[in-house]
Amino acid sequence: MPKTQTRFVCQTCAYESPRWLGRCPECDGWNSFVEEIRIVDKSPIAARSGALQVTVAGRPIPITEVSSTALDRMPTGIGELDRVLGGGIVPGALVLVGGDPGIGKSTLMTQVAHAVSVGVWKCGSVEEHMISTSIPPHLDTSTPPHICTSTLYISGEESAEQIRLRAERLGAQSDHFLVVNETEVNTILHHIETEQPSLVVIDSIQTAYDPSLESAPGTVSQVRNCAAALARAAKNGGPPIFLIGHVTKEGSLAGPRVLEHMVDTVLYFEGDRSHAYRILRAVKNRFGSTDEIGIFQMREDGLCEVENPSAALLAERTPEASGSAVASTIEGTRPLLVEIQALVARSFLANPRRTATGIDLNRLHMLLAVLEKRVGLKLADQDVFVNVAGGVRIIEPATDLAVAMAVASNFREQPVDPHTILLGEVGLGGEIRSVSQTERRLREAARLGFTRAVIPRHQASRLSNGIGVEVIPVTNVLEAMKAALNPARG
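One structure accompanies this document, and this report is about it.

Here we take up the sheet that holds strand β20 (residues 452-456). Spatially, the seven strands line up as an open sheet ordered β15-β16-β14-β13-β17-β20-β21, and their pairing is mixed. Either end of the sheet is taken by a strand with one partner, and the two such strands are β15 (354-357) and β21 (470-474). Here the average twist between neighbouring strands, direction ignored, is 30 degrees. When strand β14 (residues 334-346) meets strand β16 (residues 382-388), the two strands line up antiparallel, connected through seven bridges. For I340, the partnering residue across the bridge sits in β16 and is V388. Packed on one face of the sheet, helix α12 (residues 438-447) meets β13 (324-331), β14, β17 (420-422), β20 and β21 and runs near 80 degrees to β14.

What follows is the structure in structure tokens.
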């Protein structure tokens, strides 16, 4: 009879201990240990000293002999998702989709499952399949009747009736869109092998469990084992699999970090449920770039692609209001214009509040210090709130100048020229530093009707003619303030 072993595993970092600990020595997490019981194989063969079994699967070959054929990708029917994935779904890929509750993970996956099921069943032969839909067949091309397969949506949280109601609302109904309620991983693998779908969605990975483990679903061991089993099914000639993952209150994916290492692609939904726009960002992608983002708008009929993101994000801007500035950020291969809003008000607290939504708070602290030291704005007794309109999260420092000008504008009650765009990284000395891909940013601004651009002086001479905007070169923050807040003097 197999023996069992009790271990205590941290649910944050998967650190193991033979006894319960209040604080994890690896990640410093408190009360994160959960008891797990494992079956230990004590058979004579396994316990025999030196009994090492080696299976030779192939010999090492020079890299020059490795095939360099391009990956065939399956289009999802949603352009923004294809952009984030790098052109479509790679056969056998394992994709993890995370985000806050109610942000649209299940909605997007329902739309994808429906679009793929309709697209796959358009064809009647291998040639039509590859030419008309560009969807690569996952099975042997010698058996055309079995190429057109369905999509499989496996839910452990919602009933089939609930999924049907959502599908009706989204208009995502198809006879080849299969739904099943299941959480046991072996049964899930059986459904995948029996139905041979073109795409599988698991909603969610935290509800799946392996009966060989005595720990509860959602624990580190269960999530890790179930993800490993599904990864083997996908890599061994199976269909691509999308895993929906829960997000903790800290904003990270629930479960061990090893889960993100096991999958090929990690997609995060950004934004607030109260906002109409959702940002889908690739944090990890083995088959493409991690710089691209997809922008969606949540409507009654589901997540809709935003065709012109810059115009949509600036649609509700109040041009003449103080504390508003427009910047251009590069997300992947496209420039994106965003509105930076700032509110500066007298503080009645001993420590004035500093709040940043959409930008790094430490970056805001640095910019406020530069404005106080290099420009002379007395912000030490002021509450400062900065927000990127539309729920967009900005990482690059190219928007530093726009943030600084928005703060200065509201503090002085002088609006920024509504036809001016601001580009530049702000250094600790108050200097304006260069940013990348300036011409692409300026052309996007000209397309949306902006006529002036305040940019670093070092880059002004490198621009080509015919950009469509008046370029105002500046050296430091003080010059930028004169150009942005007082256009007549610029």
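Next comes the rest of the description.
I340, V386, M405, V407, L422 and V477 are the most contacted members of the largest nonpolar core, which totals 49 residues. With eight residues, the single largest contributor to this core is helix α11 (residues 400-412). Once residues within four sequence positions are removed from consideration, L422 is found in contact with A325, V326, A327, S328, L401, A402, M405, V416, V454 and A484. I78, L85, I89 and F296 belong to the second largest nonpolar core, which has 29 residues in total.

Right, let's get into the side chain of D203. Locating D203 in the fold gives a position in strand β7 (residues 199-203). No salt bridge is formed by the buried D203. Its closest oppositely charged neighbour is R166, at 4.6 Å. Discounting chain neighbours no more than four positions away, the residues touching D203 are S106, Y153, I154, S155, G156, E157, E158 and I244.

Quick look at the pattern of salt bridges now. Any two side chains of opposite charge can pair if their charged atoms end up close together. For the structure on display, the rule yields 19 salt bridges. Notably, a salt bridge pairs R23 with D28, separated by 3.6 Å at the nearest N-O pair. What makes D28 partly exposed here is its relative accessible area of 44%. Between R334 and E80 there is a salt bridge, with the nearest N and O atoms lying 2.9 Å from each other. One end of the pair, R334, is in strand β14; the other, E80, is in helix α2 (residues 79-85), with 254 residues separating them in the sequence. Judged on exposure class, the residue R334 and its partner E80 are both buried. Salt bridges sharing common partners tie together K235, D264 and R286.

Here is what the cut-offs are and how they apply
Residues numbered from 1 in each chain as written. Predicted model: local features only at pLDDT ≥ 70, side-chain atom pairs only at ≥ 80, totals over all residues. Heavy atoms only, no water. Pairing = 2+ DSSP bridges. Helix = DSSP H or I, 4+ residues; strand = E, 2+ residues; numbered from the N terminus. Axes fitted to C-alpha atoms, helices over the stretch in contact; angles between N-to-C directions. Contact = heavy atoms within 4.5 Å. Core = buried A, V, L, I, M, F, W, Y, C linked by side-chain atoms within 4.5 Å. Buried < 20%, exposed > 50% of the residue type's maximum accessible area, 1.4 Å probe, protein only. Lys, Arg positive; Asp, Glu negative; His and termini not counted. Salt bridge = Lys/Arg side-chain N within 4 Å of Asp/Glu carboxyl O.

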